[in-house]
Amino acid sequence: MTGLFAALRSGPDRPLLGDASEIDRLYRRHRVRIMLAITIGYGIAYTCRLALSVVKKPLLDAGIFSIAELGFIGSALFYAYAFGKLVNGFLADHANLKYFFPLGVLMSALLNIAMGTTTTVWVAFTLWALNGWFQGFGAPAGVVAMAQWFTTTERGRAYGIWSTAHSIGEGLTFVVVAGLVSAWGWRAGFWGPGFACIVVSLLLVWLMQDRPETIGLPPPHQWKNREADVPRVESTGDNTWAAQKGVLRRPAIWILALSSALTYVTRYAINSWGVLYLQEARGFSLVQAGGIISVNTFSGILGAVTYGFLSDKLFKGRRPPANLLFSVLELIGLGMIFFVPMSSTLFLTCAFFIYGFGLTGLVTSLGGLFAVDIVSRRAAGAVMGFVGVFSYIAAAVQENVSGFLIERGVTMIDGVRHYDFSGAITFWLICTVLSAILPATLWRVRAQS
C-alpha cells in the first residue's frame, strides 16, 4: 500500500526548462492529450456508471429485481460516489493524475463485469456501491487537470468541452449499451462497458500527465504571460491543505453545492427513469426510448460548449446570467416532455434536445465550474468533491424517492402493470425550479483573479 500511495502521489517540481520553444511544444502537446483523456476517456468510462439504467426493464420483466430493489441498488452508487468524490477530490489535488484517473476506470470496469454475474440484491448493492466509489476518481481528476494546465480565462471553454463527456457517456449508454442488451440480454449491459473500459484505462495512462511543474514547465498563467490569473494561494505542500480548508469557509460554495444537488435530482431522474417513462407512459420500445433520450448526447455537447463560450465571452466570465438562461431552456424541455400529450418520435426528440441543452449547461456551471472559479487552483479537486458530495447524495435520495413514487403509482390490471408517473414528475419539477432560483442569489459573484 505504501508503494501504491507513493506511485499515486504527484511528483516533485523539476527545474524550469530553459528552451521557450520546448516549453511551448510540451504545453500544447500535453494540453491536447489531457483534454482528449478527460473528455473522451471519461465519456466512455461513464457507461460503467449508467449501465443499470438501461437494464432495469429486462431485470423487472425477468422477475430478478423489483422496482424498489432497483431503486435500492441504484442509490448505492450515488451514496458511494458522493463520499468517494469528496475524498478523492481532496486526494486528487495531491495525486499524479497519470495513474490516479486510470486506476479508478480500471476498478470500475472490473466491478461492472462482476455485476453481470449476480442476481442477489445485497451482492449487487455492494458491487454497485464500490463502482460508485471508483467512479469518483474521474471528475476530480478532470477538474484538477484543467486547473493545473489551463488559466482561469480559458477555463470556461475547457470546462465546457470536458462537460461533453457526460453527454458522450449517456449517448453511448442509451444507444450502444441498449443495443447490446436488446441483442444479448441484461448481462451484456454490464459486460460491454466493463471490457471496453479496461482498454480505456490503459489508454489513459498513455494520455494523462502530472502537473506542469513536475516536467519542468511553468504554471499556465506564467506560460500565457497573464499575471492576472495568479490565484491567491499558489505553490505546493502545506498551502494545498490551506487552500482546501478555505473552501469550507465560502458561503457561496455552500449555495452552489445545494444548487448543484437540486440540478442533479432532475438530471439523474431522467437518466435513471426516463427510459422506463418512455416505454410505459409513451409506448416506445427499449431501443426507441434509448434512441430518443440519446439526443441528449448531441444537445448536451452543444449545451456544454455553448455555456462555456457564452459565460466566458458574452458575460465576461460571469456564470449567473448564463445559469438563468439555461435554466429556462431546461424547464421548457421538461414541460414539453411531461405536459404536451404528443407521443411522436420527432416531437419528443426535440423536447429532449432542448432539455439536454439547458441541463448540461447548468451541470457545467453548478456541477463544478462556478465553484472552481472562485477558489485557488490548488483546491480545485477539493471544491469539486465538496460540491459533488451534495450532488450525488441528492441523486441517491432521488433514486429512492422516485422509485417509491413510481411504485406507489403502479396498478395491476389483468396481470399487466400500469404506471402513473405524476407524483415523481412533480418532485422532479420542484427541484428544477429551485435549482434555477438559488444560483441567482450569487449574481454579483465573479471568478477569482
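Predicted, not measured: the structure shown is a model, and the values here were computed from it.

## Topic: the packing of aromatic side chains
Enumeration over the complete set of coordinates arrives at 24 aromatic pairs. Aromatic side chains Trp122 and Phe125 sit 5.7 Å apart centroid to centroid with 65° between the ring planes, which places their arrangement in the edge-to-face category. Here Trp122 pairs with Phe125, and both are found in helix α7 (residues 121-135), just three residues apart, close to one helical turn. Its relative accessible area of 58% is what places Trp122 among the exposed residues. Under the relative-accessibility criterion, Phe125 is labelled partly exposed at 21%. Taking the centre distance of 6.4 Å and the plane angle of 90° together, the rings of Phe352 and Tyr355 count as edge-to-face. Here Tyr355 and Phe352 lie together in helix α17 (residues 345-373), a separation of three residues that amounts to about one turn. Tyr355 shares its class with Phe352; the two are buried. Taken together through their ring pairs, the aromatic side chains of Tyr42, Tyr46, Phe101, Tyr159 and Trp162 make up a single cluster. The cationic tip of Lys56 hangs over the ring face of Trp273; the distance from NZ or CZ to the ring centre is 3.7 Å. When the ring centre of Tyr264 is taken as origin, the NZ or CZ atom of Arg267, which lies over that ring, is 4.8 Å away.

## Structural notes on the nonpolar core
With 131 residues, the main nonpolar core has Ile38, Met146, Trp162, Leu278, Phe352 and Tyr392 as its most contacted residues. Among the elements that take part in this core, α17 stands out by supplying 14 residues, more than any other. Counting residues in each nonpolar core, the second largest holds five residues, with Ala261, Leu262, Ala394 and Cys431 among its members.

## Concerning the environment of Leu442
Here Leu442 is to be found in the segment after α19 (422-437). In sequence terms Leu442 and Pro320 are 122 residues apart; their C-alpha atoms lie 6.7 Å from each other. Leave out the neighbours within four places in its chain, and Leu442 touches Ala252, Ile255, Leu256, Pro320 and Phe370.

## Looking at the pattern of salt bridges
Close approach of charged atoms allows side chains of opposite charge to pair. According to the stated counting rule, one finds seven salt bridges in the structure shown. Where Asp13 meets Arg211, a salt bridge forms, and the shortest distance between an N and an O atom there is 2.9 Å. You can see Asp13 sitting in the loop between α1 (2-8) and α2 (20-45) and its partner Arg211 sitting in the loop between α10 (186-207) and α11 (220-223), a full 198 residues away along the chain. A relative accessible area of 7% places Arg211 in the buried class. Residue Lys57 pairs with Glu280 through a salt bridge whose shortest N-O separation is 3.0 Å. Note that Lys57 is positioned in helix α4 (residues 56-61) and Glu280 in helix α13 (residues 251-280), a separation of 223 residues in sequence. Linked through salt bridges whose partners overlap, the residues forming this network are Asp13, Arg211 and Glu213.

## Section: the environment of Ala114
As for its position among the elements, Ala114 is in helix α6 (residues 97-115). Taking the C-alpha atoms as reference points, Ala114 and Ala141, separated by 27 residues in sequence, lie 25 Å from one another.

About the criteria used
- Residues numbered from 1 in each chain as written.
- Predicted model: local features only at pLDDT ≥ 70, side-chain atom pairs only at ≥ 80, totals over all residues.
- Heavy atoms only, no water.
- Phe/Tyr/Trp six-rings, centres within 6.5 Å; stacked < 30°, edge-to-face > 60°.
- Helix = DSSP H or I, 4+ residues; strand = E, 2+ residues; numbered from the N terminus.
- Buried < 20%, exposed > 50% of the residue type's maximum accessible area, 1.4 Å probe, protein only.
- Lys NZ or Arg CZ within 6 Å of the ring centre and 35° of its normal.
- Core = buried A, V, L, I, M, F, W, Y, C linked by side-chain atoms within 4.5 Å.
- Contact = heavy atoms within 4.5 Å.
- Salt bridge = Lys/Arg side-chain N within 4 Å of Asp/Glu carboxyl O.

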